Amino acid sequence: MNIMVIGGGGREHAIIKKLAENKSITKIYALPGNGGIAADAECVDVKATDIDSIKAFAAEKGDIDYAVVAPDDPLAMGCVDVLEGMGIPCFGPDAKAAIIEASKVFSKDLMKKYGIPTAQYETFDDMDKALAYLENAPIPTVIKADGLALGKGVIIAQTRDEAKAAVRKMMEEKAFGASGNQIVIEEFLTGPEVSVLSFTDGKTIVPMISSQDHKRALDGDQGLNTGGMGTVAPNPYYTEDVAKECMDTIFLPTIEAMNKEGRTFKGCLYFGLMITENGPKVIEYNCRFGDPETQVVLPLLESDLLTIMQAVTEQRLAETEVKFSDESACCVVVASGGYPASYEKGKEIFIGEMEGKTDVFIAGAKLEEGVLKTSGGRVLGVTSVAPTLKEAIDTAYRNVEKIDFEKAYYRKDIGKRALEVERS
Ligand code: AMP
Ligand code: GLY
């Protein structure tokens, strides 16, 4: 079989490595892939958002049997619709269903309509009305741009002035372009966060092992928000009781709501949850695998990924085994110093011999005359799997020591809080 994977980050590297365990796959193309993915797939120099060129590539090859569309942008742009229109079965939602991530106004209204627990909110398309509302809104408050904004469209305002500045930034200065034409202003919730990725074919939903992201740049959850500096799985806050409550009040109601709206979701539906004192609530939906959650979740998947993906596409998930190991995983992201603000690129990357069950998933690197060099903020993630969370964390950090490039930076406390919770 020939497979095409759209995307080129650490998540895609993890997907490709997992897919490659299936021996019926002869060829994997990555569009665009990256310098590290090039070791595991044939990289094709086509941007993930260039749907016309993706289509042209698939047509020229003529023998692509299956496609996995991983990032949010091409999903929202209808990449799956286009490829399926050419007769290529795909993993990922069509544009109609991808709106669950692409529009926060849509997802909040969906949750309200179907009684799915989430933060209380108001939506605005008029800046003056939003500013007037903020005069009396409870503080802290959370301001969200409606559309995709590279993970930067959420501002937690600690004061009324900060909140107003955030509204102006989105609606007047258009810091996120058209994504800020509408905004959501919502209640500030507190509690531990859990990421739950799930496979769903619109009829059945199968949650994957839970995970915990570390979004802030610095140790102790300080500093700027990033795309994620590390993850652990499973997430100790996600107990069996919480899992059951999530299934009954969030997961099943969400796929049913999408069906009722005529937007059946097939693919990986990601639930960003907060476990509040009033129970689990949805912070966000993503229409795709999370990054860097995928880098800890897929290494723990014991079943064959392609088999599951095809079952999702063909709506046969109910009869397909999805089995996870009872081990734990930790991924430590190594970034270019300065990320997520300004950082340098083009530094040669050295990767020593890894020990234990460890994978290096490359996120931001390119090959220059056979030499792997940094090309992004988040450069790579080191994932280790071990029988306990403590061993997974220790092994990941021992291996991170063997990664070297100029100004490499990583957090030293990935999984620290999870370990404390596990012990308490
Ligand atoms: P998002 O880009 O939607 O993932 O939001 C980024 C982060 O902002 C989340 O992971 C949360 O930590 C935080 N956040 C989003 N919404 C809320 C909320 N209503 N209350 C508290 N924190 C929030
Ligand atoms: N790690 C969060 C995300 O993928 O959106």
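Everything quoted here is computed from the prediction, not taken from an experiment.

Chemist: It is not clear to me how the nonpolar core should be interpreted in this structure. Could you clarify?
Modeler: The tendency in soluble globular proteins is for nonpolar side chains to be buried as a group. Among the nonpolar cores identified, the biggest contains 46 residues, and Met4, Leu31, Leu83, Ile100, Phe251, Phe271 and Leu273 are the most heavily contacted of them. Broken down by element, this core gets its largest block of residues, 7 residues, from helix α9 (residues 240-260). When sequence neighbours within four positions are dropped, the list of residues in contact with Phe271 reads Val194, Ser195, Val196, Ser198, Ile205, Ile250, Phe251, Thr254, Glu284 and Tyr285. Listed in part, the 40 residues of the second largest apolar core include Val5, Phe199, Val206 and Val385.

Chemist: Hey, could you run me through the sheet that holds strand β16 (residues 267-276) in this one?
Modeler: Whenever strands of a sheet pair, they do so through backbone hydrogen bonds, lying parallel or antiparallel. Here we have 4 strands laid out as an open sheet, ordered β11-β10-β16-β17, and antiparallel in their pairing. On the outer flanks of this sheet lie β11 (205-207) and β17 (279-286), each paired with one strand and no other. Strand-to-strand, the axes of this sheet are offset by a mean angle of 35°, without reference to chain direction.

Chemist: Could you clarify how one ought to interpret the site of ligand 2 in this entry?
Modeler: Taken together, the residues surrounding ligand 2 are Asp213, Gly227, Tyr270, Asn286, Arg288, Gly290, Asp291 and Glu293. In the environment of ligand 2, an oxygen atom lies 2.9 Å from a nitrogen or oxygen atom belonging to the side chain of Arg288. With respect to ligand 2, the backbone of Asp291 contributes an N or O atom lying 2.9 Å from a nitrogen atom. In isolation ligand 2 offers 200 Å² of accessible surface; the protein chains occlude 89% of this area.

Chemist: Just to check I follow, could you spell out the pairing of strand β15 (residues 230-233) for this structure?
Modeler: The two faces of the sheet receive side chains in turn, since in a regular strand these alternate between them. Burial of the side chains of β15 extends over both faces: Gly230 and Val232 are buried on one face and Thr231 and Ala233 on the other. Across 2 bridges, the pairing between strand β12 (residues 212-213) and β15 is antiparallel. Considered in β15, the bridge of Gln212 is made with Val232. Sheet topology places β15 next to strand β18 (residues 328-336); 4 bridges connect them, and they run antiparallel. By the bridge assignment, Gly230 is partnered in β18 with Val332.

Chemist: Looking at this structure, how should I read the packing of aromatic side chains?
Modeler: Here the distance between the centres and the angle between the planes together describe a pair of aromatic rings. Counting across every chain of the model gives 9 aromatic pairs. Ring centres of Phe91 and Phe199 lie 6.3 Å apart, and the angle between their planes is 70°; on these two criteria the pair is classed as edge-to-face. With Phe91 in strand β5 (residues 90-91) and Phe199 in strand β10 (residues 193-200), this residue pair connects regions lying 108 residues apart in the sequence. For the pair shown, Phe91 and Phe199 are each scored as buried. Between Phe199 and Phe289, the ring centres sit 6.2 Å apart and the planes meet at 80°, which makes this aromatic pair edge-to-face.

Chemist: Explanation requested: the sheet that holds strand β1 (residues 2-7) in the structure shown.
Modeler: Read from one edge to the other, the open sheet built from 5 strands follows the order β3-β2-β1-β4-β5, with strand pairing classed as parallel. Edge positions in the open sheet fall to β3 (42-43) and β5, since each of these has one partner strand only. Against the sheet, helix α11 (residues 305-313) makes contact with β1, β4 (66-69) and β5, and its axis sits at roughly 90° relative to β4, the strand it touches most.

Chemist: Looking at this structure, I do not really get the site of ligand 1. What am I missing?
Modeler: Within the structure, ligand 1 sits among 15 residues, and Glu186, Glu187, Leu189, Glu193 and Glu284 are positioned closest to it. Lys144 places a polar side-chain atom, nitrogen or oxygen, 3.1 Å from a nitrogen atom of ligand 1. Between Glu193 and ligand 1, the recorded distance is 2.4 Å, taken from a side-chain N or O atom to an oxygen atom. Protein chains shield 90% of the accessible area of ligand 1, which is 480 Å² for the free molecule. For the shell around ligand 1, the elements supplying multiple residues, two or more each, are β7 (141-145), β8 (154-157), β9 (183-187) and β17. Partitioning the shell around ligand 1 into residue classes produces 8 nonpolar, no polar and 7 charged.

Chemist: How should I be thinking about a nonpolar patch on the surface in this particular structure?
Modeler: The grouping of Val154, Ile156 and Phe188 at the surface amounts to a nonpolar patch, some 220 Å² of accessible area in total. Of note, Ile156 is situated in strand β8. The class of Ile156 is partly exposed, set by a relative accessible area of 41%.

Chemist: I tried to follow the environment of Asp73 on my own but got confused; where do I start?
Modeler: For Asp73, the position within the fold is in helix α3 (residues 72-76). Linking Asp73 and Leu269, residues 196 residues apart in sequence, is a C-alpha distance of 15 Å. Among all residues touching Asp73, those that are not within four sequence positions of it are Thr49 and Leu148.

Chemist: How should helix α1 (residues 10-19) be read in this particular structure?
Modeler: Each full turn of the α-helix corresponds to 3.6 residues, which orients residues three or four apart in the same direction. Within α1, 9 of the 10 residues are buried, which leaves it mostly tucked inside the rest of the structure. Of all the positions in α1, only Gly10, Arg11, Glu12, His13, Ala14, Ile15, Ile16, Lys18 and Leu19 are classed as buried.

Quick notes on the rules
- Residues numbered from 1 in each chain as written.
- Chains lettered and ligands numbered in written order.
- Predicted model: local features only at pLDDT ≥ 70, side-chain atom pairs only at ≥ 80, totals over all residues.
- Heavy atoms only, no water.
- Core = buried A, V, L, I, M, F, W, Y, C linked by side-chain atoms within 4.5 Å.
- Buried < 20%, exposed > 50% of the residue type's maximum accessible area, 1.4 Å probe, protein only.
- Helix = DSSP H or I, 4+ residues; strand = E, 2+ residues; numbered from the N terminus.
- Contact = heavy atoms within 4.5 Å.
- Pairing = 2+ DSSP bridges.
- Axes fitted to C-alpha atoms, helices over the stretch in contact; angles between N-to-C directions.
- Near = heavy atom within 4 Å.
- Polar contact = N/O pair within 3.5 Å; in protein donor to acceptor, adjacent residues only side chain to side chain.
- Areas by Shrake-Rupley, 256 points an atom, 1.4 Å probe, with all protein chains shown as cover.
- Phe/Tyr/Trp six-rings, centres within 6.5 Å; stacked < 30°, edge-to-face > 60°.
- Nonpolar A, V, L, I, M, F, W, Y, C, P; charged D, E, K, R; others polar.
- Patch = residues over 30% accessible without salt bridge, like charges linked within 9 Å, V, L, I, M, F, W, Y side chains within 5 Å.
- Salt bridge = Lys/Arg side-chain N within 4 Å of Asp/Glu carboxyl O.

Geometric descriptors of this kind do not, in isolation, establish any biological role.
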